[in-house]
Amino acid sequence: MLDFIVTTVVLSLAVFGRNGLGIFENDADVTADVTVAGPLTLLGWLFVIATFGGYRDDVLGAGTDEYKRVLNASLVAAGLFGV
């Protein structure tokens, strides 16, 4: 649940920063795109971490094994979303 909350806050800050800072050359509003792609990306990433066993009780808080699972899942999720 904490991952979901933190990722939602970061996604919201990214949209606010993109739309509010005005330092980007293309000042297109990305809110509509993020409204569709954001929740799918968020839930997909958390699903891939769960699939790789990142939330299993025996590895939760277990140090390097937990980090390895989350890193591998995140790389796979980035690859899937990038393709």
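Above: the structure in question.
Keep in mind the model is a prediction, meaning the values are calculated, not measured. (Residues numbered from 1 in each chain as written. Predicted model: local features only at pLDDT ≥ 70, side-chain atom pairs only at ≥ 80, totals over all residues. Heavy atoms only, no water.)

> Describe the pattern of salt bridges, listing the residues and the values that go with them.
Counted under the stated rule, the structure contains 2 salt bridges. Across the pair Asp-65 and Lys-68 runs a salt bridge whose closest N-O atoms are separated by 3.7 Å. Of the two residues, Asp-65 and Lys-68 both sit in helix α3 (residues 64-82), 3 residues apart, roughly one turn of that helix. Taking the relative accessible area as the measure of exposure, Asp-65 reaches 26% and is therefore partly exposed. Note on Lys-68: relative accessible area 48%, which makes it partly exposed. The closest approach of N and O atoms between Arg-69 and Asp-65, which form a salt bridge, is 3.3 Å. (Salt bridge = Lys/Arg side-chain N within 4 Å of Asp/Glu carboxyl O. Helix = DSSP H or I, 4+ residues; strand = E, 2+ residues; numbered from the N terminus. Buried < 20%, exposed > 50% of the residue type's maximum accessible area, 1.4 Å probe, protein only.)

> Explain α3 residue by residue, including any values.
Here α3 spans 26 Å end to end across 19 residues, near enough to the 27 Å set by a 1.5 Å rise per residue. Considered for burial, the residues of α3 that qualify are Glu-66, Arg-69, Ala-73 and Ala-77. Burial along α3 is one-sided: seen end-on, the buried residues are contained in an arc of 70°. The exposed set on the far side of α3, more than 90 degrees from its buried face, consists of Thr-64, Tyr-67, Leu-75 and Gly-82. (Expected span 1.5 Å × (residues − 1). Arc of directions from axis to C-beta.)

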